[in-house]
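So the chains spell out like this:
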Amino acid sequence: MWQFGFPSLTWGFLLVVAPLLIHLIQLLRHRRIKWAAMDFLLESYRRRRTWVWLRQFLLLASRMAAMALLILLLAQWMPQSGLLGRWSGASSHHYILLDDSFSMTERGSGRPSAFELALSSIQQICQPSNNDASVRRVTLLRFSRAQQAAGRLPAAEQVQQIADLNGQRIDVQFEKVWEEVRRGLVPSQYASQPLAALELVRQLVADEPHTTNLVHVVSDFRRFPWENPADLRNALAQLQAAGAQIEFIHCARQALPNLAISYMAPEPGPRAAGVPLFVRIDVTNYSEQPARNVQLRVRSRFFDSSAPAAPGQSEGVVEDLPVELIDVIPPGQTASRRVQVHFPQTGMHAVEAFLPEDAVAADNRRWCVIEFLDGEPILVVDGDAQQRHAFYLEAIFQPGTLARTGVQPVTKPVEYLRDVPPEELARYASIYLLDVPRLDERSVAKLEQFVSDGGGLAVFVGPNVDPKFYTQRLYRDGDGLLPLALEQQELMPPEVEGEPDVNVDLVDHPIFKDLLAGRNPLIRLIRVERYFAPPAGWRPAEGSTVRLIAQLRSRHPFLVEKSFGSGRVVLCTSTYAPLWNDMVLGPNALLALQLQAYLAQGRRRQPEFRVGDELLVERPANDYLPQVQWVLPDSNGIPRRVVQAQWDAPSDAQGWARTALANGTGSGNTGNSGIYEVWLYRVDGALDVRRFAVNVDPRESDMTLVAMRPLLEGLAPARIEWRYADQAAWLAWNPTRLPPQTGLWVLLLVLLMAEQLLAYATSYHPPQGSRL
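Draft legend 1. Focus on the overall build of the protein chain. Along its length, the protein chain carries 18 helices and 31 strands. Counting the 772 residues in the protein chain, one finds 48% classified as buried. Of the contacts formed within the protein chain by residues at least 6 apart in sequence, a portion of 76% connects residues at least 24 apart. Taken as a whole, the protein chain presents about 38600 Å² of accessible surface, with 53% of it coming from carbon and sulfur.

Printed below as a string of structure tokens:
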């Protein structure tokens, strides 16, 4: 608190009592004079004595205070807090929080990008002052780095690691330092939020209570993440309560039109080598005007696993697919396109989509990595003695050598479920129970675990089914696998002209999407003679995951589905083989493929990684050599840069080791979009290469600006100033840039003027023109 440039001069504070001594000496010089009119004067003095004493006391106090201020000025007192500190050339600290998310790369024709305006604004804030005695420092933090390092270390250590400028003094040498730092400042591909940076700065400000702390948030203030700033409100209020002044610097005056590839993933279907697969691509128009004649280009990358190159040396065999032309995308809407890809061999292959260049480049490209296997195994358990149901199912999925569906049915007896290890059962994408009479408790438990872990289960009933067992053990009052209880077999009522036996118009379900095309869809031609009915008055319970997806003409359910854990169960109340219906004699092939695609979605969940996410691989430690190599993408998204790594020590008794590419701030992180690889080496000499597609967060592609006035009102009680980056700084006339001791000089001048006024008021002044 009490810091002086010349501490030895503080002995001068003894002179503060000089006015008091002079006053006391003057009292000793008073003389008593007898005068006849004194009684009248004494009476007047008694009435005004209090007021006279008060003016004399104030006069004496002002002279002593002026003397004290003069000593403070001579000793060069440097106040460290309060208003005097701000007006007396004391130290100040500028904390600049820079938004480096990829929306800051928005660039219009012939004008700088938002990020370039942000850097110019920072340079304006950090102009050196002519005040040599004041100490001004600056700390520069990027949103992305603060978000990556959040919570890992104490605040001071975090800043030391991630700050581009850490308490750097702003002096005549600062320009050279800034030019070097500026060359390394580039926008990231993160969808960064300011919360982590604000929290970090709050801790730093709290540790500097005697410094003038100025926090500048430099951003483009888009809809994400500023539209609903509930968490930011608390962080800013705490920051201001810690003693900081806050300024928002807006780097974008208007939102430019922007197109982005917001989604890309394979559609449901077997992912088998040699089997075509559709990939869905979404293009979103983030603007207020329709986008016309949009060209969507797609290419596939085939990586030959039989002859792998060295890490970082292969970009795969590239095939450009036909250009998809999108006629128009309305404002704020999304257009979807399906492209078909085909890879002749197993392995992890990639699909890339890209758009023409526009205001923001980072979201014009998107990648998708798909693993293709030899086939998709499914387990078929047929309870019919003649295996008639399995025969028709196998005929659909394995029609012959000239056609390939990618689905590999494996038929097993009922006892197989009892004896199979859970890990072997987990290799199947889905399980089909066809007219199975009963199951033992172990089989039921394994089925429940299988579906709960993401597997699909299809149940077709028949004459061998025990409805009591299905109801008591598989339905289990709604807690089991089945979506409904089974009562008894019933016959379909007589036909009604114009009304199909099976009604699939209840919901828009993916199982029937390709069967409803045309004026007379094939699904309406199915004939059903017998089925199992549920209890009278059955309806799906509200709030449950049970859904009726196909209904019989008798108003009883035909197909019902239920979510169970991460998987799905579909129950058909009739047979698969043409015993009670002719379904397999009609559109069975398409229906079976769509059903299998729907059931297997839990097993085919496409992992989605965004920039900054952790990439993790776990393997049995005893099966692999210690060497691990991560390959990071270059600016074109192709894996080129090799980073050496090691397996972490096994963390459990089973000996599983892991290697991860985390979202840290080092060179080995997921800070760029593109294709990532990890090369693992088995002890038997085999090579295990895994690939990942990392993409930008599509929320950051929305260029819509938030309205600043409502935003600031929503951030109350924090008081925040704001301006555009190309406007003069509100702190341009900054008290910390004034000459040293300005505040004390001003205060001394005020005291001297007050002393003169008090001296005049306490002294005697005869009226003008009077004679003594």
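Draft legend 2. Geometry of the packing of aromatic side chains. Per the counting criterion, the structure on display carries 13 aromatic pairs. Here the aromatic rings of Phe 221 and Trp 226 are separated by 4.7 Å at their centres, their planes lie at 45°, and the arrangement is tilted. Of the two residues examined, Phe 221 and Trp 226, each falls in the buried class. When the ring of Phe 391 is compared with that of Tyr 392, the centres are 5.3 Å apart and the planes differ by 80°; the resulting orientation is edge-to-face. Residue classification places Phe 391 among the exposed residues on the basis of a relative accessible area of 53%. Residue Tyr 392 is classed as partly exposed on the basis of its relative accessible area, which comes to 26%. One aromatic cluster is present, formed by Phe 221, Trp 226 and Phe 248 through successive ring pairs. The aromatic ring of Phe 354 is capped on one face by Arg 365, whose charged end is 6.0 Å from the ring centroid. Directly above the aromatic system of Tyr 598 lies the positively charged group of Arg 568, at a separation of 4.1 Å from the ring centroid.

Draft legend 3. Main features of the nonpolar core. With 37 residues, the main nonpolar core has Tyr 432, Phe 460, Phe 512, Phe 558 and Tyr 576 as its most contacted residues. Here this core takes five residues from helix α16 (residues 588–599), the largest share from any one element. Apart from the residues lying within four places of it in its own chain, the contact partners of Tyr 432 are Ile 378, Leu 379, Val 380, Val 381, Leu 393, Phe 397, Ala 458, Phe 460, Ala 592, Leu 595, Gln 596 and Leu 599. Judged by nonpolar contacts, the second largest core, of 36 residues, contains Val 465, Tyr 475, Leu 482 and Leu 484.

Draft legend 4. Focus on helix α7 (residues 174–183). Of the residues making up α7, those classed as buried are Phe 174, Trp 178 and Val 181. Taken down its axis, α7 places every buried residue within 65° of arc, on the same side. Of the residues in α7, the exposed ones pointing more than 90 degrees away from the buried face are Glu 175, Lys 176, Glu 180 and Arg 183.

Draft legend 5. Molecular detail of helix α6 (residues 155–162). Those residues of α6 lying buried are Ala 155, Gln 158, Val 159 and Ile 162. Looking down the long axis of α6, one finds its buried residues gathered within 95° of arc, a one-sided arrangement. Turned more than 90 degrees off the buried face of α6, the exposed positions are Ala 156, Gln 160 and Gln 161. Elements in contact with the buried residues of α6: β2 (136–142), α5 (143–149), β3 (165–169) and α8 (195–206).

Draft legend 6. Structural context of the sheet that holds strand β15 (residues 407–412). The mixed open sheet is built from eight strands, whose spatial order is β15-β14-β16-β17-β23-β22-β21-β19. Both outer strands of the open sheet, β15 and β19 (502–503), are each paired with one neighbouring strand and no more. By the bridge criterion, five bridges tie strand β14 (residues 376–382) to strand β16 (residues 430–434) in an arrangement that is parallel. Its bridge partner lying in β16, Val 380 is registered against Tyr 432. Helix-sheet contacts for helix α11 (residues 388–397) involve β14, β15 and β16, and the interaxial angle to β14 is about 160°.

Draft legend 7. How the structure looks around the environment of Val 341. With respect to the element layout, Val 341 can be found in strand β11 (residues 334–341). C-alpha separation for the pair Val 341 and Leu 321, spaced 20 residues apart in sequence, amounts to 8.4 Å. For Val 341, the residues in contact, after removing those within four places along its chain, are Val 275, Pro 276, Leu 277, Val 279, Leu 321 and Val 351.

Draft legend 8. Quick look at the side chain of His 216. Note that His 216 resides in strand β4 (residues 212–219). What makes His 216 buried here is its relative accessible area of 1%. At a separation of 2.9 Å, a polar atom in the side chain of His 216 contacts the side chain of His 94.

Draft legend 9. Fine view of the side chain of Ser 219. By secondary structure assignment, the location of Ser 219 is in strand β4. With relative accessibility at 0%, the residue Ser 219 sits in the buried group. Among the polar contacts made by the side chain of Ser 219, one reaches the main-chain amide nitrogen of Phe 221 at a distance of 3.2 Å. In terms of polar contacts, Ser 219 uses its side chain to reach the side chain of Trp 226, at 3.5 Å. Those residues in contact with Ser 219, other than ones at most four positions away along the chain, are Asp 99, Met 104, Trp 226, Ile 249, His 250 and Cys 251.

Draft legend 10. Here's a closer look at unusual backbone geometry. Cis geometry is found at the peptide bond from Phe 224 to Pro 225, where omega equals 10°. Tracing the chain through its elements places Pro 225 in helix α9 (residues 223–226). The residue after Ala 716, namely Pro 717, is reached through a cis peptide bond having omega 15°. Mapped onto the elements of the fold, Pro 717 is located in the loop between α17 (708–714) and β31 (720–724). Within the chain, Asn 293 stands out as a residue other than glycine whose phi angle is a positive 50°. Summarising the element assignment, Asn 293 is placed in strand β8 (residues 291–302). Accessibility expressed as a relative area gives 55% for Asn 293, which makes it exposed.

The rules we used
Residues numbered from 1 in each chain as written. Predicted model: local features only at pLDDT ≥ 70, side-chain atom pairs only at ≥ 80, totals over all residues. Heavy atoms only, no water. Helix = DSSP H or I, 4+ residues; strand = E, 2+ residues; numbered from the N terminus. Buried < 20%, exposed > 50% of the residue type's maximum accessible area, 1.4 Å probe, protein only. Contact = heavy atoms within 4.5 Å. Areas by Shrake-Rupley, 256 points an atom, 1.4 Å probe, with all protein chains shown as cover. Phe/Tyr/Trp six-rings, centres within 6.5 Å; stacked < 30°, edge-to-face > 60°. Lys NZ or Arg CZ within 6 Å of the ring centre and 35° of its normal. Core = buried A, V, L, I, M, F, W, Y, C linked by side-chain atoms within 4.5 Å. Arc of directions from axis to C-beta. Pairing = 2+ DSSP bridges. Axes fitted to C-alpha atoms, helices over the stretch in contact; angles between N-to-C directions. Polar contact = N/O pair within 3.5 Å; in protein donor to acceptor, adjacent residues only side chain to side chain.

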